[in-house]
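Observations on the three-dimensional arrangement
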Amino acid sequence: MRTDSEQIVSRPVVLVVGAGINGAAVARELTLNGVSAVVVDANDIAFGATSRSSRLIHGGLRYLERGDFALVRESLRERAILLKTAPQFVKPLRLRIPVRRRFGGLIWSVLTFLGWDRSCLGRFWLRCFPNARERGLWLIRLGLWMYDRLANSSPLPSGEGGRRPGEGQSTIDPRYPFSCEYFDAQILSPECFTVALLDDARQLARDQRLTFDVHTHTLVEFHDHEVRLIDRLNCNAPITLRPDVIINATGAWGDATLADWRVGSPKLFGGTKGSHFVTANHELRAALGDAGIYAEAGDGRMVFVLPLGEDQTLVGTTDEPFDARPETAVAEPREIDYLIDLVNEVVPSVTLTREEVVMSYSGVRPLPFGRADSPSSIPRGHWIEENTNGPNPILTLIGGKLTTCRALGEEVADRVLSRLRLPRIASSKERSIRDPRARRAGDVNPPSLLHSPNSSGGSHPPLAIDIIRHEWVRTLSDLVERRLLLIFDPRLDQPRLRELATLLADEGVFHPDQIDSEVATTTARLRQVYGIDVAGS
Ligand SMILES: Cc1cc2nc3c(=O)[nH]c(=O)nc-3n(C[C@H](O)[C@H](O)[C@H](O)COP(=O)(O)OP(=O)(O)OC[C@H]3O[C@@H](n4cnc5c(N)ncnc54)[C@H](O)[C@@H]3O)c2cc1C
């Protein structure tokens, strides 16, 4: 017998738990192939690592050193696909590598390639030659040459190595007499890209009369073969489903999710935490121009200094083991100092201070659990782990990058299709991912969110209302952090928060009585998670 809370769903149906970039890519791939999907997130779309990344679509130049050629090749192929199918989101980005010396780093690279960098031999080598890790010009040239070869017929220009300062590189420290250049790509808003994937899935489902739903701020409870979706905000009645397959796309929460579901699973994840900060320092932003810097820190780690919109710079990232709940990760002062030191080292015209950090954030990479000696040696590919201990088969996604979300979505869909004995009917390789905001506005160019004076939309209908109506917004934090990206807008103040909360109440997202508490909760979150003190608080 059906209860009032049950919804009729066309079968077969896949429950995708986790609305990060990977959950969204899986849902899109399934609807593309005629399978209904219900997406559930305990928080919001792109709440996890997806919104805490370096915002690059890249092959992973540094993975070459670990011999991970297959991952680099796949990432470069996916980079090319995204540049072609999602040009509103993914743009080419020139990157410079400042280099201090002509030779060096080769033996260390060989040790790293062989996985011996943390061995007795590696430690001995480092004691004898403290600069052994520092990569020289020839080694970087070799890396860029391989990167180009693996990219095959890339739409981006080839890398070039070895220009001296003065040949257009005046902003690089004279202590770095060489500079190499190459191209990758930047995705300024993986949050909006994730919404675009879900929006595409919704369109596909509509066209084929499939079921497609997204439930944010919702928990999943198991009752034998049935699954109950419980609204954490107590607005909607529980929904009961009988999914044919369940996808655990909860990223770094993956082990906790399986433990909550009591399906018995070994530890699958060994996440590492990475932190970033944003600064509006004008000299630094001017020094970057339209290019980013990919520079080696004193400990041999590579760090990005990236243009973020027209006025700001994004610096990251660190890489540390992290065992606590991912939502508790924040950028520690010592991580920020480490990144500031690197900026001051490689950009001599700038003396950046802690006071110039306007916001910071931290995320946890959903990496596989293993016996790696150091965070940087944990493999960065992706895997799908099947669990059939419970009443419904569960596929858990491990690893993955923004860059490879489509490929992972495709692999997961293939597994699901074969389980359901359904044929693949379409490929996402050529399918465009358009900005739904531009589509709804009938415009070719998406509205710019980073630092546009009209970031909340002055035109009719205002952008914020359009977003509230179509993009699964349920709280003020959803709107401020992951739809309008106001966390990157230094002009964000209390009146603006209140105005947006009132708009949400007017649109019926929550009761007008909740305006004060929504503003207070968002203000507290902005301080705690991003170190942002909203003016007027
Ligand atoms: C510091 C850092 C920098 C990075 N930089 C890059 C980069 O530049 N380029 C690149 O390609 N990749 C990068 N990555 C990797 C990339 O960001 C991640 O691999 C990717 O975002 C993972 O996406 P996901 O969907 O698997 O997980 P997430 O984005 O973490 O999504 C998981 C979702 O599951 C939800 N959830 C958790 N528990 C539950 C539950 N019990 N029930 C329902 N929902 C739940 C969460 O709310 C969250 O929304 C970076 C990662 C980090 C951390």
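As the structure is a computational prediction, the values presented were derived from the model and not from experiment.

It is worth spelling out the overall build of the chain at this point. Across its full length, the chain carries 15 helices and 19 strands. A burial count over the chain gives 57% of its 537 residues as buried. For the chain, the proportion of contacts with a sequence separation of at least 24, taken over those separated by at least 6, is 73%. Surface exposure of the chain reaches about 22,800 Å², of which carbon and sulfur atoms provide 52%.

Attention shifts here to the nonpolar core. A general trend in soluble globular proteins is that nonpolar side chains are found buried together. Grouped together as the largest cluster of nonpolar side chains are 57 residues, with contacts concentrated most on I97 and Y182. Looking at this core element by element, the count peaks at six residues for helix α5 (residues 137-151). Excluding anything up to four places from it in sequence, Y182 contacts L61, L93, R94, L95, I97, L144, Y147, G159, Y294 and F304. Within the second largest apolar cluster, 49 residues are counted, among which are A27, L30, V195 and I384.

This part is about the site of the ligand. As a matter of local geometry, the ligand sits amid 35 residues, with D41, T50, L56, G400 and T403 nearest to it. Contacts to the ligand include A42, whose backbone N or O atom sits 3.0 Å from a nitrogen atom. At a separation of 2.8 Å, an oxygen atom of the ligand approaches a polar side-chain atom of N43. Here the ligand has 1,000 Å² of accessible area as a free molecule, and 95% of this is covered by the chains. Among the secondary structure elements, those contributing two or more residues to the shell around the ligand are α1 (21-32), β12 (272-279) and β17 (357-365). Partitioned by chemical class, the residues of the shell around the ligand number 11 nonpolar, 18 polar and six charged.

Backbone-to-backbone hydrogen bonds pair the strands of a sheet. The strands run either parallel or antiparallel. Spatially, the six strands line up as an open sheet ordered β7-β2-β1-β11-β19-β18, and their pairing is mixed. Edge positions in the open sheet fall to β7 (212-215) and β18 (382-387), since each of these has one partner strand only. Between one strand and the next, the sheet's axes are offset by a mean angle of 20°, whatever the strand orientation. Direction of pairing for strand β1 (residues 13-17) relative to strand β2 (residues 36-40): parallel, over a ladder of five bridges.

What counts and what doesn't
- Residues numbered from 1 in each chain as written.
- Predicted model: local features only at pLDDT ≥ 70, side-chain atom pairs only at ≥ 80, totals over all residues.
- Heavy atoms only, no water.
- Helix = DSSP H or I, 4+ residues; strand = E, 2+ residues; numbered from the N terminus.
- Buried < 20%, exposed > 50% of the residue type's maximum accessible area, 1.4 Å probe, protein only.
- Contact = heavy atoms within 4.5 Å.
- Areas by Shrake-Rupley, 256 points an atom, 1.4 Å probe, with all protein chains shown as cover.
- Core = buried A, V, L, I, M, F, W, Y, C linked by side-chain atoms within 4.5 Å.
- Near = heavy atom within 4 Å.
- Polar contact = N/O pair within 3.5 Å; in protein donor to acceptor, adjacent residues only side chain to side chain.
- Nonpolar A, V, L, I, M, F, W, Y, C, P; charged D, E, K, R; others polar.
- Pairing = 2+ DSSP bridges.
- Axes fitted to C-alpha atoms, helices over the stretch in contact; angles between N-to-C directions.

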